[in-house]
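Observations on the model geometry
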Amino acid sequence: MKYSKYSTIIIGSGIAGLYAALKIEQQVDLPDGLLLITKSKLGESNSRYAQGGMVGVMKENKADSTASHISDTIKAGAGLSEFNTVKYISEHSDEVIKDLLKFGVEFDRDENNNLCFTKEAAHSVRRILHSGGDATGKMIEKALCRKVQENENIEVYEQTDAVELLVSGNECKGVLVYNDETQEYETIYSSAVILATGGIGQLYKYTTNPVGATGDGLAIAYNAGAVMQDMEFVQFHPTALAIDCGENRFLISEAVRGEGAKLCDSDGVEFMAKYDERKELAPRDIVTRAIFNEMKKNNTDNVYLNAACIDSKKLAKRFPNISQKCLENGIDIAHDFIPVAPAAHYYMGGVKTNLKGETSVSGLYAIGEVASTGLHGGNRLASNSLLECVVCAYSVAEYLKSIELKTPKQIDENIKSVIDKYTDEEIILDELDIPMMKKKLQEIMWNKVGIFRDEHSLLSAVDDLEHLKTEFPRSYKCTSREEYEFRNMLITSELIINSALMRKESRGAHYRTDYPQSNEDCVHSIITKGYKVPDYVK
Ligand code: FAD
Ligand code: SIN
């Protein structure tokens, strides 16, 4: 097996990973160099598909203030947002966005060259920056990827999966990676390993997330002993295009509702006023449940979004990709209703971190969607995710600048035993039907651990998962990326189900029909390896 060492390793090439690489290279002393690894091609990620935009609490936007953004974020977060985290991220927004501009990111501007701000659900003012109309993620990624590729000091491994963190005691000393093309493993040592591996959408039958969102970072952090927080909180976006086209569903951005589109049934009857006075712009969890109720009541697979009330020229300019995608599916959004339904979209739970990105395992950091910083609480406010990615990447770079990075020199016995599991273990080379198993898992999660859950559905999901595990005879070592992803999906699903069972209340995106009220005590849920599963789960 090949061995190498770096002063810092970043795992993941979404916006969090790319921006962290650039900031760390700029500021941190890196005697052994900087490595960015990604299981995809550089830049392929959830980030690339972000549409609506990125919160920018900009000094020049006189209508806005950090106080207002903090208040909106905390209200949406259903009691679980951490004030200090929200404040820190909001207050750094102006600075990081101006830094992104320096890296070549271009946000849309008006005819006077002022930044354009749009509105999304539960924001009290227009404060969302966008780029390329509705291609914000792609435009940011493109600019950051270019800078990373131009930078000789950032080494990049593509098509390389992090499969296990190398931990001795409670210290992370590196990562074991697997290249799916060469099928080779490599042990990489480092005193700072930064997880930026994104979310979990692919655990669900319907999702807006691309194929790579399989919860890998969560599974390997959990295996390494990291404290995981609020794992029951999965955000379902209200309006994915209700047409299957491959492994995920195309998103119809909340910004379309922000610009005035209305939700209705097939006869054009609007229904949101029955559910919330903020109607289409109520927080995401409320709109999602309202749509799901309407679908159930009318026994339909979708409701409709009517954007025909928006000026057609504005629609085409503001939402070129959405217009095009719908047209490819025979829908002219300037005239036709758009069929929409909820889909798994974002993960509020994650590896618990502080504002420096530190996890409970020394030397292991987490940023972006894989982390749980306490910003989003039980329900993320739209467009806060990209902001969190960038601010937390900035702050982990600031922290690493302040410490000395000493690359571990020797492989100790604990780590050797981990590596041996991958080099020595004989595995049954039976062909496993992973696509079929994945489908089964996605059905279980969607039907039993979805928008509405209860004890009965969750316990049934526990049983189904146990059964599925018997069809997958792998514990550590696997034979392909597909298998590693499925291994990680099983681990992460189990954590979500058990956390959902343990939270006996409804809060934010976690809705228990058997416990529809919120508890008076509002506490984060915590899970670590070896946690005691309550008796009723067994
Ligand atoms: P990602 O962008 O998901 O990147 C993760 C990276 O890690 C990928 O490169 C992946 O290949 C790599 N990786 C994963 N596992 C491994 C492994 N085992 N080994 C090596 N590499 C690995 N948020 C907003 O704020 N505004 C929006 O408008 C918005 N729109 C969205 C639209 C869509 C369709 C989707 C899906 C999400 C949207 N979000 C939006 C959410 C936001 O895009 C994500 O939360 C955010 O981009 C996550 O960034 P990240 O860098 O943490 O992870
Ligand atoms: C959207 O454009 O609706 C997605 C925004 C987000 O997820 O923050």
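What counts, and where the lines are drawn
- Residues numbered from 1 in each chain as written.
- Chains lettered and ligands numbered in written order.
- Predicted model: local features only at pLDDT ≥ 70, side-chain atom pairs only at ≥ 80, totals over all residues.
- Heavy atoms only, no water.
- Helix = DSSP H or I, 4+ residues; strand = E, 2+ residues; numbered from the N terminus.
- Rg over C-alpha atoms; globule rule 2.2 N^0.38 Å.
- Buried < 20%, exposed > 50% of the residue type's maximum accessible area, 1.4 Å probe, protein only.
- Contact = heavy atoms within 4.5 Å.
- Areas by Shrake-Rupley, 256 points an atom, 1.4 Å probe, with all protein chains shown as cover.
- Axes fitted to C-alpha atoms, helices over the stretch in contact; angles between N-to-C directions.
- Parallel < 35°, antiparallel > 145°, perpendicular 65-115°, else oblique.
- Nonpolar A, V, L, I, M, F, W, Y, C, P; charged D, E, K, R; others polar.
- Near = heavy atom within 4 Å.
- Polar contact = N/O pair within 3.5 Å; in protein donor to acceptor, adjacent residues only side chain to side chain.
- Patch = residues over 30% accessible without salt bridge, like charges linked within 9 Å, V, L, I, M, F, W, Y side chains within 5 Å.
- Salt bridge = Lys/Arg side-chain N within 4 Å of Asp/Glu carboxyl O.
- Expected span 1.5 Å × (residues − 1).
- Phe/Tyr/Trp six-rings, centres within 6.5 Å; stacked < 30°, edge-to-face > 60°.
- Lys NZ or Arg CZ within 6 Å of the ring centre and 35° of its normal.

**Section: the overall build of the chain**
- Along the backbone of the chain there are 15 helices and 19 strands.
- Against the 2.2 N^0.38 benchmark of 24 Å for 538 residues, the chain shows a C-alpha radius of gyration of 22 Å, consistent with a compact globule.
- Each principal axis of the C-alpha atoms in the chain carries an extent, and together these give about 65 × 55 × 45 Å.
- Within the chain, buried positions represent 62% of all 538 residues.
- Contacts spanning at least 24 positions in sequence make up 75% of the contacts within the chain whose residues lie at least 6 apart.
- Carbon and sulfur atoms make up 47% of the accessible area of the chain, which amounts to about 21,000 Å² in all.

**With respect to the packing of helix 6 (residues 216-223) against helix 15 (residues 481-502)**
- It is the contact of helix 6 with helix 15, at a shortest axis distance of 8 Å, that shows an interaxial angle of 75 degrees. Of the possible angle classes, the one that applies to helix 6 and helix 15 is roughly perpendicular. Facing D216, L218, A219, I220, Y222 and N223 of helix 6, the residues of helix 15 in contact are E485, R487, N488, I491, T492 and L495.

**Describing the packing of helix 13 (residues 434-448) against helix 14 (residues 455-470)**
- Between helix 13 and helix 14, the least distance of the axes is 9 Å, while the angle of their chain directions is 170 degrees. Our classification of the angle between helix 13 and helix 14 gives roughly antiparallel. Contacts between helix 13 and helix 14 involve M437, K440, L441, I444 and K448 from the former and S457, L458, S460, A461, D464, L465 and L468 from the latter.
- Among the residues forming the contact of helix 13 with helix 14, the class breakdown is seven nonpolar, two polar and three charged.

**Observations regarding the site of ligand 1**
- Not every one of the 38 residues close to ligand 1 is listed here, only the nearest: S47, G53, E369, S385 and L386.
- In this structure, an oxygen atom belonging to ligand 1 sits 3.5 Å away from a side-chain N or O atom of S45.
- Notes on ligand 1: free accessible area 1,000 Å², of which the protein chains cover 97%.
- Contributing elements (two or more residues each) for the shell around ligand 1: helix 1 (15-27), strand 7 (160-168), strand 15 (338-347) and helix 11 (384-401).
- With four residues, the single largest contributor to the shell around ligand 1 is helix 11.
- For the shell around ligand 1, the residue count by class is 11 nonpolar, 21 polar and six charged.

**Quick look at a nonpolar patch on the surface**
- On the surface, M1, Y3 and I411 cluster together to form a nonpolar patch covering roughly 270 Å² of accessible area.
- Among the structural elements, I411 can be located in the loop between helix 11 and helix 12 (413-423).

**Details of the site of ligand 2**
- The immediate surroundings of ligand 2 are formed by Q51, G52, E120, H237, L251, S253, E254, R284, H345, R380, A382 and S383.
- A distance of 2.7 Å separates an oxygen atom of ligand 2 from a polar side-chain atom of R380.
- In the complex, the protein chains occlude 92% of the 260 Å² of accessible area that ligand 2 would expose alone.
- Among the residues forming the shell around ligand 2, the class breakdown is two nonpolar, six polar and four charged.

**Remarks on helix 15**
- With 22 residues, helix 15 extends 32 Å between its outermost C-alpha atoms, agreeing within 8% with the 32 Å of an ideal straight helix rising 1.5 Å per residue.
- Where burial is concerned, most of helix 15 is hidden: 19 out of the 22 residues are buried.

**Considering unusual backbone geometry**
- One non-glycine residue, N113, adopts positive backbone phi at about 70 degrees.
- Structurally, N113 can be placed in the loop between helix 4 (93-102) and strand 5 (128-129).
- Its identity is not glycine, yet N299 carries a phi of approximately 50 degrees, on the positive side.
- Within the secondary structure, N299 is located in the loop between helix 8 (284-297) and strand 14 (303-306).

**Let's talk about the environment of L166**
- Turning to its location among the elements, L166 is positioned in strand 7.
- Looking at L166, the relative accessible area reads 0%, which means it is buried.
- Along the primary structure L166 and V193 are separated by 27 residues, whereas in three dimensions their C-alpha atoms are 9.9 Å apart.

**Describing the packing of aromatic side chains**
- Taken as a whole, this structure holds 13 aromatic pairs when the rule is applied.
- With a centroid separation of 6.2 Å and an interplanar angle of 50 degrees, the aromatic rings of Y365 and Y399 are classed as tilted. Note that Y365 is positioned in strand 17 (residues 364-366) and Y399 in helix 11, a separation of 34 residues in sequence. This pair shows no difference in class: Y365 is buried, exactly as Y399 is.
- Taking 5.1 Å as the distance between ring centres and 75 degrees as the angle between the ring planes, the aromatic pair formed by F472 and F486 counts as edge-to-face. Taken together, the residues F472 in the loop between helix 14 and helix 15 and F486 in helix 15 connect sequence positions 14 residues apart. The burial state of F472 is the same as that of F486; both residues are buried.
- An aromatic cluster is defined as three or more aromatic residues linked by ring pairs; in this entry it consists of Y178, Y185, Y422 and Y484.
- Its guanidinium or amino end placed over the ring of Y346, R380 lies 4.0 Å from that ring's centre, counting from NZ or CZ.

**Quick notes on the environment of G133**
- Structurally, G133 is set in the loop between strand 5 and helix 5 (136-150).
- A relative accessible area of 6% means that G133 is categorised as buried.
- Spatially, the C-alpha atom of G133 lies 8.1 Å from that of N321, the residues being 188 residues apart in sequence.
- With residues near it in sequence (within four places) discarded, G133 still touches Q51, D108, K317, R318 and P320.

**Thoughts on helix 6**
- Within helix 6, seven of the eight residues are buried, leaving the element largely enclosed by the surrounding structure.
- For helix 6, the set of buried residues is D216, G217, L218, A219, I220, A221 and Y222.
- Just downstream of helix 6 lies G225, where phi reads positive at about 95 degrees.

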